[in-house]
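Structural features, examined
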Amino acid sequence: MNKLRTVTAHLTVVLSLMFLIFLVLDQFNPMMNFVDNSISHWLLALLCVSGAVHGILYYRKG
Amino acid sequence: MNDTSRKHSLWRHLAIDLGLLALGLIVFALFHHVLPRQQQSLGIVIENPYKTQTRDSGSNFDFDPSTAIASAGISDTPTYSAAGKKNNGRGGSNGGGMNDKGGSALSDTATETEEETGDSTPISEKFADMYTDTVVVTDSTYTSPDISITVTEETTGRITYYVADIYVRDITCFQSALARNTYGSGFRDSISDMAMLNSALLAVNGDYYGNTNEGVVIRNGVIYRANRTDCDVCVLYYDGTMKVMPGSAFTVEDAVNDGAWQAWTFGPALLDTDGSVLTSFASTRRIISANPRTAIGYYEPGHYCLVVVDGRGDSEGITLPELSQLFADLGCTAAYNLDGGNSSIMVWQDAVINEPSGGGRESSDALLIAEVNRYE
């Protein structure tokens, strides 16, 4: 369970930073569509899942 | 765990995250826009209702849109006459439909320029004094029985720009080229190479359609893509008219019925529907600010201009409001912004004549002026 918590923590941090970078890039070049494309949609779903799992594991640990 | 080891653990985790972040961004970029990937095209061919016999009975370069898609690997392609009737092949598509959001400064209807000018003379019968019976070339001009181009370099303050004033007797002289002759993302070619491969007299970069899956892509009478977009869309028709409309106003049915020859998705529109200067643009501040630019202007059917503005160097670039004013000063009735920045390149008589920012970059498409008949 500890391993899963470590993995989800890393995933959440990395994906969050990726989306912050996408948002900044989107300001410079919106036509590249960094935020609203199919790959980003999958990454966003992954971010949500990892964030939720990490939160639940945190609660479990109490 | 004491404070020191806790601190070490934190830095170790952060280092791992930064490494993973770099790896993630590289993989994302590869799949998002770097790796060439052929895309599924709608493959709808709109036939030219104004197609005439070539004047030259010998070899010619007469353009047939139905052959243009062969290289894109599209088979069983439906073709449509500009009257909107399907001629053969499978059923068409509505391209996924457009939304009705439209982040455009234009009103929700397309600019009906022909109705405004009241001019229904075919472009083949207009501007006779602009053409010559034979090909006449100088450093800044090219005239032939079908094409007249005058290229000028202008400097205003700290802005240097190039204007190509273009008259065409046959709209198929106003062509597009796809990098690697393939529709897809990640395919890139230099504008010079695309110009050379297509024997273009003049070429500028297009809308870099390969960077996104949004919007409308019609090239040389073939509808490759007609997806939802909030951007303005620019459509050039077989009859020589050009309309700039909000993405929400574009439909495949209209494009087929009206005989669309080219359509680009980048924008924004640079002039209002009545040809007046726009002061507000649905774009971010960074996009509106001074940058190198490429844009297309429209005077009337058969008469256009392509403008490339240098920037980020000796020339500082131009803001969108300034570009809008420039097209109003040129006397255009419609104008549309294309991809800019490092992409902004103009090739004239086989040479890049502007100073592209950062040395320029390859692009996924180009706008070309090329002869469709061979003249000596």
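Model, not experiment: these values are computed from the prediction. Each chain has its residues counted from 1, following the order in which its sequence is written. Here chains are named by letter from A upward and ligands by number from 1 upward, in the order in which they appear as written. At least 70 in pLDDT is required for a residue's local features to be given in this predicted model, at least 80 for side-chain atom pairs to be given and counted, and no such filter applies to totals for whole chains, interfaces and linings, which use all residues.

1. Brief notes about the overall build of chain B
Secondary structure elements follow DSSP: runs of H or I no shorter than four residues count as helices, runs of E no shorter than two count as strands, and numbering proceeds from the N terminus. Broken down by element type, chain B carries 7 helices and 22 strands. Within chain B, the fraction of its 376 residues that count as buried is 48%. For every residue, the other C-beta atoms within 10 Å of its own C-beta are counted; 20 or more classify it as buried, 12 or fewer as exposed, and values in between as partly exposed. C-beta atoms are placed from the backbone.

2. Things to note about helix 7 (residues 320–330) of chain B
All names here are of chain B. What helix 7 keeps buried is the set Leu320, Leu323, Ser324, Leu326 and Phe327. Take helix 7 and look down its axis: the buried residues cluster within an arc of 155°, on one side only. For the purpose of contact definition, each residue receives a C-beta atom placed from its backbone, and two residues are in contact when these atoms lie within 7 Å. On its buried face, helix 7 sits against helix 6 (285–288), strand 17 (293–300), strand 18 (303–309) and strand 19 (334–337). Directions pointing from the helix axis toward each C-beta atom define the arc.

3. Thoughts on the sheet that holds strand 19 of chain B
Residues and elements named next belong to chain B. In this description, strands pair whenever DSSP reports at least two bridges between them. One open sheet accounts for 7 strands, arranged 5-6-7-8-18-17-19; its pairing is antiparallel. Only two strands of the sheet have a single partner each, and these edge strands are strand 5 (136–137) and strand 19. Only the stretch in contact is used when a helix axis is fitted, and all axes are lines through C-alpha atoms; the angle between N-to-C directions ranges over 0 to 180 degrees. Helix-sheet contacts for helix 7 involve strand 8 (159–168), strand 17, strand 18 and strand 19, and the interaxial angle to strand 17 is about 30°.

4. Observations concerning the confidence of the model for chain B
Residue and element names in this part refer to chain B. Per-residue confidence from the predictor is reported as pLDDT, which spans 0 to 100. Predicted confidence across chain B gives a mean pLDDT of 85, with 82% of residues reaching 70 or more. Across residues 87–102, confidence stays below pLDDT 50; counting only partners more than four residues off in sequence or on other chains, it has 42 contacts. Low pLDDT, under 50, characterises residues 111–116; the stretch is placed with 14 contacts to residues that sit more than four places away or in other chains. Under the prediction, the complex receives an ipTM of 0.93, its pTM being 0.83.

5. Concerning the pairing of strand 11 (residues 202–205) of chain B
Here is the key point about a regular strand: its side chains alternate between the two faces of the sheet. All names here are of chain B. On strand 11, burial covers both faces: Leu202 and Val204 on one face and Ala203 and Asn205 on the other are all buried. Note: strand 11 against strand 22 (residues 365–369), 4 bridges, orientation antiparallel. Residue Leu202 lies in a different strand from strand 22, and its bridge partner there is Ile369.

6. Points about the interface of chain A and chain B
Tallying the contact residues gives 14 residues for chain A and 19 residues for chain B. Sorting elements by how many residues they give to the side of chain A that touches chain B places helix 1 (residues 2–28) of chain A first, with 8 residues. When grouped by side-chain class, the residues that make up the side of chain A that touches chain B number 10 nonpolar, 4 polar and no charged. Side-chain classes follow a simple rule in which Ala, Val, Leu, Ile, Met, Phe, Trp, Tyr, Cys and Pro form the nonpolar group, Asp, Glu, Lys and Arg form the charged group, and the remainder, Gly included, forms the polar group.

7. Examining the pairing of strand 7 (residues 147–156) of chain B
All names here are of chain B. In this sheet, strand 7 lies alongside strand 6 (residues 141–143) in antiparallel orientation, the contact comprising 3 bridges. When the bridges of strand 7 are listed, Thr141 appears paired with Thr150. Counting the residues that bridge the hairpin from strand 6 to strand 7 gives 3 residues.

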